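# Summary of structural features
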Amino acid sequence: MAELIHCITNPISMTQCANTVLGLGAKPIMAEHPMEVREITEVAAALLINTGNISDSRMEAMKISFDTALEKEIPIVVDAVGVACSKLRRKFVLELISKKQGTFLLIKGNYSEIKAFAEETYRGKGVDADDSLPPNEIRDISKELSITFNAVILATGAKDIIADGEQTFYVSDGNPMLGQITGTGCMLGVVCATFLSRKPMTESVIKACGFFGRAGEVAFEKVQDREGKVGGGSFLMELLNAIYLMDDKEEKWIEKN
C-alpha cells in the first residue's frame, strides 16, 4: 500500500505538493483542522510542516501533528519558510524543534532561513534567500544546528548543503528556473518527506535533493527554445512530468566532506 504523507503546508503550493507526492507513488493528505490532525498523523508514514503561510488554526494543527509524530516515531520534515523575515515564525519553529526526541527530524530552509536560526538579529526580505551568503558560512551553521537539535539540516541554494552532525554533503544538481517558480521549495520538502517515509536516514535526504535537482534539469531541457529561454508554465508542467517519470537511482550529484 502506498505511503500516506501528511502535509500541513501553505495553500499557495498545495496542489503542486499533492501532485508531487502522487508522482512519487505515495498518497498525500493536506489535513490542517486541529480537531482531526492527530488521528490522521497517527496513520501517516511521514509528516511535513511548512510555515509558508501561517494562521492560528494552522499553527495549532502543526503543534498537535508534531507531538503525534514524536509519539509514533514518524519522520518529520519542518520546512521553515519565512523564519528569516518573521519573528513569529522563527519563535514558532524553534519551539517545535526544541521538543524533538525519538524520531527522524529534517529541518529545511534556504540559506537565509538557516542563518536566521543561528542569529536572532538576522533578517531577510521576504521568503527568498540572500544570494550573497557564502556557502562555507552556511555549512558551518548547518553543522552546529544539526548537533544542537539532533536533526539533519538541509540548507537549499545553488548548492544544497546537508549536515547530520557527523558528515556534510553537497548536492549541485538543478537549474536556476527552479527559483523562478512559486512553490518549488515546497515541492522539494514533500519529496524529502516521501523519501524519508521509506528510509528515515540522511541518505534519503541526499537522494531527494539530487532527484529533484535532476528533475529541474530534465524539465528545462524539454522546454527551452532555440535561444535557451523557458516559460514558467511550461517549465512547471515538465517538472511534474519529470517527477512522475524519472527514477531515483542516479547518484552523480553527491559531494561529501
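Residues numbered from 1 in each chain as written. Predicted model: local features only at pLDDT ≥ 70, side-chain atom pairs only at ≥ 80, totals over all residues. Heavy atoms only, no water.

## Some details on the nonpolar core
Grouped together as the largest cluster of nonpolar side chains are 47 residues, with contacts concentrated most on Leu106, Ile162, Val205, Phe235 and Leu239. Of all the secondary structure elements, the ones that give two or more residues to this core are strand S1 (4–8), helix H1 (14–23), strand S3 (46–50), strand S6 (152–156), strand S8 (168–171), helix H7 (184–198), helix H8 (202–223) and helix H9 (232–245). Sorting elements by how many residues they give to this core places H8 first, with ten residues. Among residues more than four places away in sequence, those in contact with isoleucine 162 are Val152, Ile153, Leu154, Gln167, Thr168, Phe169, Val171, Thr202, Val205, Ile206 and Cys209. Ranked by size, the runner-up nonpolar core spans 38 residues in total, among them Ala61, Ile76, Ile97 and Ile161. (Core = buried A, V, L, I, M, F, W, Y, C linked by side-chain atoms within 4.5 Å. Buried < 20%, exposed > 50% of the residue type's maximum accessible area, 1.4 Å probe, protein only. Helix = DSSP H or I, 4+ residues; strand = E, 2+ residues; numbered from the N terminus. Contact = heavy atoms within 4.5 Å.)

## Regarding the layout of surface pockets
If you add up the space inside the largest pocket, you get close to 1,200 Å³. Contributing to the lining of the largest pocket are 39 residues, with Asn110, Thr156, Leu178, Gly179 and Thr184 lying nearest its centre. Elements with a contribution of two residues or more to the lining of the largest pocket: strand S5 (105–110), helix H5 (111–118), H7 and H8. Of the residues contributing to the lining of the largest pocket, the split by class is 15 nonpolar, 15 polar and nine charged. (1 Å grid on protein atoms, 1.4 Å probe; cavity = no way out; pocket = protein on both sides within 12 Å on 5 of 7 lines; lining within 4 Å. Points joined across faces, edges and corners; volume = space filled by probe spheres on them. Nonpolar A, V, L, I, M, F, W, Y, C, P; charged D, E, K, R; others polar.)

## Things to note about helix H6 (residues 135–148)
Here H6 spans 20 Å end to end across 14 residues, near enough to the 20 Å set by a 1.5 Å rise per residue. The secondary structure elements touched by the buried residues of H6 are H5, S6, strand S7 (160–163) and S8. Remark: asparagine 150 follows H6 within two positions and exhibits a positive phi of approximately 50°. (Expected span 1.5 Å × (residues − 1).)

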